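Here's the letter readout for the chains.
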Amino acid sequence: MIANSQPSASVSLTRYVVFTKLAAASTAVVALWLAGCGGNPLDPQPSATASDCVGCHTDEALLRKVARSETPPVEDAGEG
Amino acid sequence: MWEKVLIAADFSNSTHGRIACTDCHQGRNEVLEKEEAHEGLVIAPSAGEASACGECHASTVEKYMDSLHVTQEGYFTAFARRGGDPDGEAFHGMFEARCANCHASCGQCHVSRPDSVGGGLTHGHEFRRSPSQTNQCTACHGSRVGDEFRGKNTGIPPDVHYLGGMNCMDCHDGVELHGDGTTPDHRFANDTGPQCLDCHPTANSTDSQVTHHAMHADRVACQVCHSVPYKNCYACHVEIDRQSLRFPSEIDFRIGRNTEVTARRPFEFVLVRHIPIAPDTFDPWGLAMPDYAAVPTWRLATPHNIQRTTPQTESCGACHDSLSLFLTPAYLDDLIDRGLMDAQEIEANRPVVVESIGGP
């Protein structure tokens, strides 16, 4: 007697759900990686599409995050 | 801080935007880590004799390096005329520490705010042919010229040219500011600067339709009749009086004799502004001025607060019935009594004071 190797419907459904969730999670990870967010959303990195200086320097959100604190402005030393 | 380095999204479409950033700013274009990308970065590539702008604008940059905005020759001229050594190491050290903030690079007129007021890009790295009056010209020339022009001094109206929609560049063009390759001794020795006659050619002609213009042609500077009280400097160079108090600038109006007569300024009478420099101003730097009295401390002034009608234009008597508007010996004595002037300035200003004038 040949054993019936086909999974039951409930098992198949369970496997399907697990697979779907894993696929979704993997997709999200890949998407995040592609977005260049790295592993820490609090430490933004420039977009992987940025290929030169302009890519960072046109990114207002990025500049806001990484800008150094302002030193006090120089007292107006104009001609008076 | 972030606004100062923000580049506009459409900058890449401009002429300058099509040049690789690293061609002017150096640094590293191929990495995305900030510290690595900024290795070797040149923040102000237009500054100095190696100005990046010279790659394409060679002629202009070459002339500009000799201009007053770069050389600030007036400081050296004034110090030399007072017997100091402007070529010495001590003077250069003092100059770099106290005066050199006003060096203006190409960028500080055409793309960024001057360093002396915090720097930073003004319009997303857009290069503008004409500097911004607010962000550039008056960023440096603000507390005197800018305030006069815009009417920021209490009770003093704005210049009529400002009210008419004009700005700095309407009179002070690129030819003047870039220079012609020569270095004038000071700003009033600059033959490329503007004159009222450039737009008002008949104003001081003896054939003028205006009687008073015809009468005073070439003898009285335009500002004598058409300016109003202006700021005089007491805090810029001399900050401590006898009582160790800091004096602010004072609004005043003084007519004096012209000690800077040139073909462009043949006038006998001009407006003068107090620019105090005490005999011991440079003592902390070990710099002496053995001929201190050789140069007046009331200097030629061209206030940027021109009016069509002023107290001087109300009647001939405003000037010819009284010396109240003139720089007189008695006026200098009063300033000394108030601690605003040093007694040695009496001798320095002898060529400037007016003791009498003729009738109308």
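Just above, that's the structure.
Below is a summary of the structure that appears in this document. Small disclaimer: the values here were computed from a predicted structure and weren't measured.

Focus: the packing of helix α8 (residues 133-140) of chain B against helix α9 (residues 142-150) of chain B
All names here are of chain B.
So, step 1. Where α8 meets α9, the axes come as close as 6 Å, and the angle between the chain directions of the two elements is 125°. Our classification of the angle between α8 and α9 gives oblique. Every residue of α9 that contacts α8 at Thr138, Ala139 and Cys140 is listed here: Gly142, Val145 and Gly146.
So, step 2. Residues of the contact of α8 with α9, tallied by class, amount to 3 nonpolar, 3 polar and no charged.

Quick look at the environment of B:Glu250
So, step 1. Structurally, B:Glu250 can be placed in strand β2 (residues 250-252).
So, step 2. Residue classification places B:Glu250 among the partly exposed positions, given that 16 C-beta atoms sit within 10 Å.

Re α9(B)
Residues and elements named next belong to chain B.
So, step 1. Counting buried residues in α9 gives 7 out of 9 residues, a clear majority hidden from the surface.
So, step 2. By the burial criterion, the buried members of α9 are Ser143, Arg144, Val145, Gly146, Asp147, Glu148 and Phe149.
So, step 3. Where the residues of α9 are buried, they touch α8, α10 (160-163) and β1 (230-232).
So, step 4. At the exit of α9 stands glycine 151, carrying a positive phi of roughly 70°.

Remarks on the sheet that holds strand β4 (residues 269-274) of chain B
Pairing between sheet strands relies on hydrogen bonds along the backbone, with the strands arranged either parallel or antiparallel.
Residue and element names in this part refer to chain B.
So, step 1. Here 3 strands make up an open sheet; going across it, the order is β3-β4-β5 and the pairing antiparallel. Pairing within the sheet leaves two strands with one partner each, and these edge strands are β3 (254-257) and β5 (298-301). Looking at each pair of strands side by side, their axes are set apart by 60° on average, direction ignored.
So, step 2. Pairing of β3 with β4, which is carried by 4 bridges, proceeds in the antiparallel orientation. What sits directly across from arginine 257, in β4, is phenylalanine 269.

Thoughts on the nonpolar core
All names here are of chain B.
So, step 1. In terms of nonpolar packing, the biggest core is built from 23 residues, with Ala221, Val224, Val270, Leu271, Val272 and Leu327 touching the most fellow members.
So, step 2. Mapped by element, the contributors of at least two residues to this core are α14 (222-226), β4, β5 and α16 (329-337).
So, step 3. In this structure valine 270 touches Ala221, Val224, Gly256, Asn258 and Leu300, once residues within four positions along its chain are discounted.
So, step 4. Phe79, Phe91, Met94 and Val295 belong to the second largest nonpolar core, which has 9 residues in total.

The rules behind these values
- Residues numbered from 1 in each chain as written.
- Chains lettered and ligands numbered in written order.
- Predicted model: local features only at pLDDT ≥ 70, side-chain atom pairs only at ≥ 80, totals over all residues.
- Axes fitted to C-alpha atoms, helices over the stretch in contact; angles between N-to-C directions.
- Helix = DSSP H or I, 4+ residues; strand = E, 2+ residues; numbered from the N terminus.
- Parallel < 35°, antiparallel > 145°, perpendicular 65-115°, else oblique.
- Contact = placed C-beta atoms within 7 Å.
- Nonpolar A, V, L, I, M, F, W, Y, C, P; charged D, E, K, R; others polar.
- Buried ≥ 20, exposed ≤ 12 C-beta atoms within 10 Å, placed from the backbone.
- Pairing = 2+ DSSP bridges.
- Core = buried A, V, L, I, M, F, W, Y, C linked by C-beta atoms within 7 Å.

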